[in-house]
Amino acid sequence: MATVLSPSKKLIRKVDPYTTIEYTIEDGPIPGGQALSYFVQARSMRGGVSGSAGEALFLKQFQEPTASSPDAENFLARQRLLLRRLQEIPEFVCVEKDVFVHDGIIYKVSERITGRTLADELNQAETDLTRLTAEVRRINARVLAYTVAAVHDKGIAHLDLNPNNVFMERKFIESAGKERLVIRLIDFDYARVDGAPPPKPTPGTPGYSSPEHSNPDRLGFPGKDSDVFALGIMLYEILARQYPYANDQDYLKRKAPYPTDLVSWIAPSVAELMWRAISPNRKERPTARQLHQALIIKREPIRVALVGAGRRIRFHRDMLLDRSQFRGIPSYEYLASSQARIFKDASGWVISQLQETPNPTYVGSARLKVGQRHPLREGDLIKIGRFEMRVEFEYE
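Bear in mind the structure is a predicted one, so any value in this text is a computation, not a measurement.

Novice: Just checking my understanding: could you explain helix 9 (residues 268-277) for this structure?
Specialist: All of the buried residues in helix 9 are Val-270, Ala-271, Leu-273, Met-274 and Ala-277. Buried positions along helix 9 lie against helix 6 (224-239), helix 8 (259-262) and helix 10 (288-295).

The structure is reproduced here in structure tokens:
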């Protein structure tokens, strides 16, 4: 059993004859599974001279295996291969930095991720039903499936997917010119790489681990299709607002409601793949990539809303941007009568400047010309003088 590390304790990692890394414990331990976890500061030294400034990282101290365990070499080899592979996809995972042995104990160091987990998001949605709109849920589902598919494309099966191992953050994406949801997966301790046998038994999280987790001798080692099982359950929680199973027997018999019995707006193709994903028969499950492809099928918005100053103005067909329409909204006086028109043509929702006005109409940084049809996109900011409202699409 490893000795618990106390705050201020230092671990010295000798990288080569000239370079060491000093890991200083800041907080912990945090118990979990087969390891204790700590918040640490890392500082590199070369030739006894301090190098880089301290870096906030996350350290795991494995209770099992130890360096003297029969499977220690295989465990270390897998962790080092996994470290290299995860460093190739930093946008989708918590990047691992180092794996080493100190005083007979195996340690792993990774970047420190902070923020909200999917579990946080789902728990808050239970008490605030307005928090996650249908469109936000679709985005969450789509990005999660995309992230799992990206990890699978690198030959990695996570084997412990659950809402607490899914971190969600919004980042500004320069190529898109706006913020987008980014999901990163953590806790790859017992992942399977390139089909190599995983640890036996393979730890998992109750409620998300697949039937093969508990019976690998009969059903085979858990793999990517086991991740799909957990992904299917999380898609039920995200899209249908409900965990699909009531108990373990229902779990083994797939006695669960069909997705569209819970929420009518889930697309039939998505509902079918969600249903197959939670099958106890792993041969029935789709891939994460197939789930993602079904989730990105383009849908046409049925309404457009302009949102700003605490107001939301919806419309189905044509709408004039006219001073009288927006009376009472801050800076409405900058609008002229018949300033511009929003409507739907063959290409989708567009906006057109109707006449020359004292204050021209901007969509983002683009100034509209009279008669020009400018396509509208989710999140576009319409500006007329100091009047500003943002475009949102509605799908149900």
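This is not the end of the story, as more comes after the structure.
Novice: Is there a simple way to explain the sheet that holds strand 20 (residues 373-375) in this structure?
Specialist: Across a sheet, strands are paired by hydrogen bonds formed along the backbone, either parallel or antiparallel in direction. Ordered in space as 15-16-17-20, the four strands form an open sheet in which the pairing is antiparallel. The outermost strands of the open sheet, each flanked by one partner alone, are strand 15 (319-321) and strand 20. On average, each strand axis in the sheet is tilted by 30 degrees relative to the strand beside it, whichever way the strands run. As paired strands, strand 17 (residues 348-353) and strand 20 are joined by three bridges and run antiparallel to one another. By the bridge assignment, Ser-352 is partnered in strand 20 with Arg-373.

Novice: Sorry if this is basic, but what is going on with the packing of helix 3 (residues 134-153) against helix 6 here?
Specialist: The description of two helices packed together rests on the angle between their axes and the distance between the axes. The interhelical angle for the contact between helix 3 and helix 6, taken along N-to-C directions, is 170 degrees, at an axis separation of 10 Å. By the angle between their directions, the pair helix 3 and helix 6 is classed as roughly antiparallel. Contacts between helix 3 and helix 6 involve Arg-137, Arg-138, Asn-140, Ala-141, Leu-144, Ala-145, Val-148 and His-152 from the first element and Lys-224, Asp-227, Val-228, Leu-231, Met-234, Leu-235, Glu-237, Ile-238 and Leu-239 from the second. Considered class by class, the residues forming the contact of helix 3 with helix 6 number 10 nonpolar, two polar and five charged.

About the thresholds
- Residues numbered from 1 in each chain as written.
- Predicted model: local features only at pLDDT ≥ 70, side-chain atom pairs only at ≥ 80, totals over all residues.
- Heavy atoms only, no water.
- Buried < 20%, exposed > 50% of the residue type's maximum accessible area, 1.4 Å probe, protein only.
- Helix = DSSP H or I, 4+ residues; strand = E, 2+ residues; numbered from the N terminus.
- Contact = heavy atoms within 4.5 Å.
- Pairing = 2+ DSSP bridges.
- Axes fitted to C-alpha atoms, helices over the stretch in contact; angles between N-to-C directions.
- Parallel < 35°, antiparallel > 145°, perpendicular 65-115°, else oblique.
- Nonpolar A, V, L, I, M, F, W, Y, C, P; charged D, E, K, R; others polar.

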